[in-house]
Amino acid sequence: MRDDRPPKLVEIPAFVDHMNTGWGTPDRTPPVVAGAAEAAAAHRARLAAALPGRTVVLAAGQAPVRSNDTAYDFRPDSDFAWVTGCGIENAVVVLRGADATLYVPPPVYPGEPGFWTDARYGELWVGAAPGLDDWARALGVAVRPLSELPAGLVPGADEEAGRVLAELRMHKDAWEVEQLRQAVDRTVEGFAAVLREIPAAVAGPGERWLQGTFDRHARAHGNGPGYASIVGSGKHAPTLHWVRCDGPVLPDELLLLDLGVEVNSYYTADVTRTFPASGRFSPVQRQVHDLVERAHRAGLAAVAPGRRFSDFHHAAMEVIAHGLADWGLLPVSVDEALSPEGQQHRRYLVCGIGHHLGLDVHDCARAAEDAYQGGVLAEGMVLTVEPGLYFHAHDLTVPPELRGIGVRIEDDLLVTGGGAQVLSGALPLDADGLEKWMAAACAG
């Protein structure tokens, strides 16, 4: 019987010989963001000062499998990126004091076995790939093959180093602040791009059309979305992490957009606004938005150096509790609700209302409790403030006119010597301002 299977190319000497010759050298410039190598060197010096005499081993990680032999896009571990300024899949960095040695899987070039057979590292499969010397010049560190990583060095095994790294990363330097400014600016532009697509989304594709619009914008103007984009219309708006985005965009309902561009240095924004899909808030929608706005402004005013991290939480919650009491939605007094034994107002706001922001959207999560939630704000910190009200469609404790309304306002703040600067201040806070901004964005 005739064998019609294609021949195995690796078993054909003539083909192998043919593939081994005739190749030029592509541009193998490492994709390192301007200033990243210098910033990483400064970060390593800070870590060395915090952990004198210690060896710290960090891994970049590997893209997780999506299904079978396909993977999600690779994104490096944030601690690794902070001390190296790069994102090389499967790389490991060993830090001895401020000295760094980076161990990377060598790419496979023309003339080497695997150039055209190795789907992970063969240059014919993955495209032009910087070599070890290219990375060494770009990053200013020693770079060795991964196979030379000394035995016994286990990445991520040092829990204390993880905590110290998180607490160091709370304090952003000037380069990091600039990266976050860029991320916020690109995100605000993404909001405008999404608003322009509301008519198309209402006509059929729905929430997912708007989610895809922002994600495309983030890919075009950065590394991609910093987290799963939240687009919630109508009864989906109160769902805190509505990332399924499989519903319609309803023309007379509110549209909650929680979006963030991650720039190529891996720093991300995290901004939320709630818009009326029609372009105009109804009276009840405006009523809810106005209360959240007052809470948000109270929270912003409580952010300053020397203030407790929790101060903005308490300031915003006091406004929320009083507003809900005025609407007859609290089963107890405001004082009882605000007490640690009460918290009944949190039925409509069960999530936290702020967090550190940086390389991770929920940055510095491994910091000690007394350095984070129990800590004190300092100049150079970047955080979010994001109160909201979430009245679910099936919550029978609220009147029918409020059911299915969800509002969140979220800004990214830089703590400065004089208080705080709202990095996302290009987006209005008040309902009138949002209506005008929306009209201008849609006309642009």
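For the structure itself, look to the data block above.
Every chain's residues receive numbers from 1 upward, in the order its sequence appears when written. A pLDDT threshold of at least 70 governs which residues receive local features in this predicted model, and a stricter bar of 80 or more applies before side-chain atom pairs are shown or counted, although totals over entire chains, interfaces and linings include all residues. To obtain the side-chain values, all non-hydrogen atoms of the structure were used and water was disregarded.

Chemist: Got a sec to walk through the side chain of histidine 43? Specific residues and values, please.
Modeler: Elements are defined by DSSP. Helices are runs of H or I of four residues or more, strands are runs of E of two residues or more, and each kind is numbered from the N terminus. Position of histidine 43 relative to the elements: it lies in helix α2 (residues 36-50). Relative accessibility thresholds used throughout: buried, under 20% of the residue-type maximum; exposed, over 50%; partly exposed, between the two (1.4 Å probe, protein chains only). Taking the relative accessible area as the measure of exposure, histidine 43 reaches 1% and is therefore buried. Throughout, a contact is declared for two residues whenever any of their heavy atoms are within 4.5 Å. What histidine 43 contacts, discounting residues up to four positions off in sequence, is Trp82, Asp173, Glu176 and Tyr267.

Chemist: I'd like a description of the packing of α2 against helix α6 (residues 159-169), backed by residues and values.
Modeler: Angles shown run from 0 to 180 degrees and are taken between the N-to-C directions of axes, each axis being a line fitted to C-alpha atoms and, for helices, limited to the stretch in contact. Interhelical geometry of α2 versus α6 gives an angle of 125° and a closest axis separation of 10 Å. In terms of their interaxial angle, α2 and α6 are classed as oblique. Our pair here, α2 against α6, has a crossing hand that is right-handed. Residue-level inspection shows Arg46, Leu47 and Ala50 of α2 in contact with α6, the latter providing Val164, Leu165 and Leu168. Across the contact of α2 with α6, the residue classes break down as 5 nonpolar, no polar and 1 charged. When describing relative orientation, an angle under 35 degrees is termed roughly parallel and one over 145 degrees roughly antiparallel, while 65 to 115 degrees is termed roughly perpendicular and anything else oblique. Note on convention: near helix rotated counterclockwise from far helix by under a right angle means a left-handed crossing. Clockwise means right-handed. Each residue is assigned to one class: nonpolar for Ala, Val, Leu, Ile, Met, Phe, Trp, Tyr, Cys and Pro, charged for Asp, Glu, Lys and Arg, and polar for all the others, Gly among them.

Chemist: Can you lay out a nonpolar patch on the surface for me, pointing to particular residues and giving the numbers?
Modeler: A surface patch of nonpolar side chains, amounting to about 430 Å² of accessible area, comprises Trp23, Leu124, Trp125 and Val126. Taking relative accessible area as the criterion, leucine 124 reaches 43% and is therefore assigned partly exposed. Patches in this entry comprise residues that are over 30% relatively accessible and not in a salt bridge; like charges within 9 Å are linked, as are nonpolar side chains (Val, Leu, Ile, Met, Phe, Trp, Tyr) within 5 Å. For accessible areas, the Shrake-Rupley method is used with a probe of radius 1.4 Å. Any residue's cover is judged against the shown protein chains and nothing else. We define a salt bridge as a side-chain nitrogen of Lys or Arg found within 4 Å of a carboxyl oxygen belonging to Asp or Glu.

Chemist: Pulling in residues and values, what's your account of unusual backbone geometry?
Modeler: If you check the backbone angles, tyrosine 266 has positive phi at about 80° while not being a glycine. As for its placement among the helices and strands, tyrosine 266 is situated in the loop between β10 (261-262) and β11 (271-276).

Chemist: Account for the nonpolar core, with residues named and values stated.
Modeler: In this structure, Leu47, Leu102, Leu257, Leu389, Phe391 and Trp437 are the most contacted members of the largest nonpolar core, which totals 118 residues. Element by element, the count of residues in this core is highest for helix α7 (residues 174-196), at 10 residues. What leucine 102 contacts, discounting residues up to four positions off in sequence, is Phe80, Thr84, Cys86, Ile88, Ala91, Val92, Val93, Leu139, Val141, Ala142, Val143 and Arg144. For this analysis, a nonpolar core means a set of buried residues of the types Ala, Val, Leu, Ile, Met, Phe, Trp, Tyr and Cys, connected via side-chain atoms within 4.5 Å.

Chemist: Outline the packing of helix α10 (residues 283-301) against helix α13 (residues 431-443), listing residues and values.
Modeler: Running from N to C, α10 and α13 cross one another at 110°; their axes reach a closest spacing of 10 Å. In terms of their interaxial angle, α10 and α13 are classed as roughly perpendicular. Mapping the contact onto sequence places Arg286, His289, Asp290 and Glu293 in α10 and Ala431, Asp432, Leu434 and Glu435 in α13. Residue composition of the contact of α10 with α13, by class: 2 nonpolar, 1 polar and 5 charged.

It is worth stressing that arrangement in space is one thing and function is another; only the former is reported here.
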